[in-house]
Amino acid sequence: MHMNVSEVFTRFPSQDSCIQYLEGLRWQNEPECPYCKSKQSSQRKDSHRHQCNNCNNSYSVLVGTIFEDTKLPLFKWFLAISLMLNAKKGLSALQLGRDIGVNRKTAWYLQMRIRKAMQEGGDNDLFRGIVEIDETYIGGAQRNHSKQKRQQRRESGLNFTGMQHKQAVIGLLERAGRIKLEVIERAHGKTIKPIIEQTVSKDASLVTDGFGGYAGLNKHYKEHQVLNKEKEEYVRGEYHTNTLEGFWTLLKRGIYGQYHKVSIKHLQSYLNEFTFKYNHRDNKSNFDLLLNRSLMPSVI
């Protein structure tokens, strides 16, 4: 069972309890100056700030984290993290705002900062075993676009595939339980293959459909199984892309059902959220893991 709303209320009844918890995670309760890395400091009276004895700067555990300069109580941040982690199909900013008592704009800001901490891929641990690879497109139906927008697309030559009004996304799923999602400019070999090479071990077995962008992968990987879906070949023994296709269904239900529309500019952030929740779905400490990441200066 992951951290739920009731547990957040119980474990973090005050701002002091939130600060103490973050100090334990980040410093193991031994404050370290974020400016000069000195551990020689004194705590200011009636404050959560510390005074560095080396560089004389004042700091708190929030410096350099997603929480820095926040005017909201940390409890509301913790509540937002819990609600996002437990919303399988995502949570709209409007609903989150209602749940934690802030306006929609503030809730959206919280979500975007939390999604930064959800970004995966820092461990450089390559995918192994059977790896499913597939691409999809996310965006509104072209018939729902305005007449002016459709005309602009025709004039710019973006309609020749019938898919250019949507954003291409590549997905790689390791059967062991991890997934990687990345927004790509266009679905073709020049954009897809470098991502595969950076993500998947050479001794892995790849499974794809017959899309031309995957041609030639058999020269670089242990195995490349190509399913001929045009002839309704969806499974070949243990080789299929059903797991990834099931994930696409979940993702699109979240994007269209909860968020309704997502701009291309921010799409990768939303993908980061779905990726993190999938990769850590069986981790009962995913709340603490996300808080730890939220405290890393490299996130901002």
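Residues numbered from 1 in each chain as written. Predicted model: local features only at pLDDT ≥ 70, side-chain atom pairs only at ≥ 80, totals over all residues. Heavy atoms only, no water.

Undergrad: Before we go on, may I ask you to explain the packing of aromatic side chains in this structure?
TA: Remark: the centre distance and the inter-plane angle together describe each pair of aromatic rings, the angle taken between the planes. Enumeration over the complete set of coordinates arrives at eleven aromatic pairs. Plain terms: the ring middles of tryptophan 27 and tyrosine 59 are 5.8 Å apart, the flat faces sit at 90 degrees to each other, and that makes the pair edge-to-face. Linking tryptophan 27 in helix H2 (residues 15–27) with tyrosine 59 in strand S3 (residues 58–59), this pair joins segments that are 32 residues apart in sequence. Per residue, the accessibility class of tryptophan 27 equals that of tyrosine 59, and both read buried. Following the ring pairs from residue to residue traces out a cluster consisting of Phe12, Tyr21, Phe67, Trp77, Phe78 and Phe287. Here the basic side chain of arginine 115 rests over the ring of tyrosine 270, its NZ or CZ set 4.0 Å away from the ring centre. A cation over a ring is seen here: arginine 281 above tyrosine 278, with NZ or CZ 4.0 Å from the ring centre. (Phe/Tyr/Trp six-rings, centres within 6.5 Å; stacked < 30°, edge-to-face > 60°. Helix = DSSP H or I, 4+ residues; strand = E, 2+ residues; numbered from the N terminus. Buried < 20%, exposed > 50% of the residue type's maximum accessible area, 1.4 Å probe, protein only. Lys NZ or Arg CZ within 6 Å of the ring centre and 35° of its normal.)

Undergrad: When you look at the sheet that holds strand S2 (residues 50–52) in this model, what are you seeing that I'm missing?
TA: Hydrogen bonds between backbone groups are what pair the strands of a sheet, and the pairing can be parallel or antiparallel. Strand order in the open sheet made by the three strands is S1-S2-S3, with antiparallel pairing throughout. Looking at which strands have only one partner, the edges of the open sheet turn out to be strand S1 (41–43) and S3. (Pairing = 2+ DSSP bridges.)

Undergrad: Help me understand the pattern of salt bridges, please; the structure alone is not making it clear to me.
TA: Opposite charge on two side chains permits pairing when their charged atoms draw close. Summed over all chains, the structure comprises ten salt bridges. Between arginine 178 and aspartate 125 there is a salt bridge whose closest N-O contact spans 3.7 Å. Of the two residues, arginine 178 is situated in strand S6 (residues 178–184) and aspartate 125 in the loop between helix H5 (104–117) and strand S4 (130–138); the sequence distance between them amounts to 53 residues. For aspartate 125, a relative accessible area of 43% gives the class partly exposed. Residue glutamate 233 is joined to arginine 236 by a salt bridge in which the shortest nitrogen-to-oxygen separation is 2.9 Å. For glutamate 233, a relative accessible area of 22% translates into the label partly exposed. On the basis of relative accessibility, which here comes to 29%, the residue arginine 236 falls in the partly exposed class. Three or more residues joined by partner-sharing salt bridges are found here, namely Arg115, Glu273 and Lys277. (Salt bridge = Lys/Arg side-chain N within 4 Å of Asp/Glu carboxyl O.)

Undergrad: Is there a simple way to think about the nonpolar core in this case?
TA: The nonpolar side chains of soluble globular proteins are, as a tendency, buried together. The biggest cluster of nonpolar side chains holds 43 residues, and the ones touching the most others in it are Leu22, Phe67, Trp77, Phe78 and Ile114. Secondary structure elements with two or more residues in this core: H2, helix H3 (74–86), helix H4 (93–100), H5 and helix H10 (286–294). Looking at which element gives the most residues to this core, the answer is H3, with ten residues. With near-sequence residues (within four places) excluded, phenylalanine 78 lies in contact with Val8, Phe12, Cys18, Leu22, Phe67, Phe287 and Leu291. (Core = buried A, V, L, I, M, F, W, Y, C linked by side-chain atoms within 4.5 Å. Contact = heavy atoms within 4.5 Å.)

Undergrad: How should the side chain of glutamine 225 be read in this particular structure?
TA: Counting through the fold element by element, glutamine 225 comes out in strand S8 (residues 223–227). Taking the relative accessible area as the measure of exposure, glutamine 225 reaches 14% and is therefore buried. Reaching out from glutamine 225, the side chain makes a polar contact with the side chain of glutamate 223 at a distance of 2.8 Å. In terms of polar contacts, glutamine 225 uses its side chain to reach the side chain of arginine 236, at 2.7 Å. Sequence-distant contacts of glutamine 225, defined by excluding residues within four places in its chain, comprise Leu206, Val207, Thr208, Arg236 and Tyr239. (Polar contact = N/O pair within 3.5 Å; in protein donor to acceptor, adjacent residues only side chain to side chain.)

Undergrad: Any chance you could explain the confidence of the model for the protein chain here in plain terms?
TA: It should be kept in mind that the predicted coordinates are not to be read in detail where pLDDT is low. With 89% of its residues at a pLDDT of 70 or more, the protein chain has an overall mean of 88. Per-residue pLDDT stays below 50 along residues 141–146; that stretch engages in nine contacts with residues further than four places along the chain or on separate chains. Per-residue pLDDT stays below 50 along residues 148–164; that stretch engages in 15 contacts with residues further than four places along the chain or on separate chains. (pLDDT = per-residue confidence, 0-100.)

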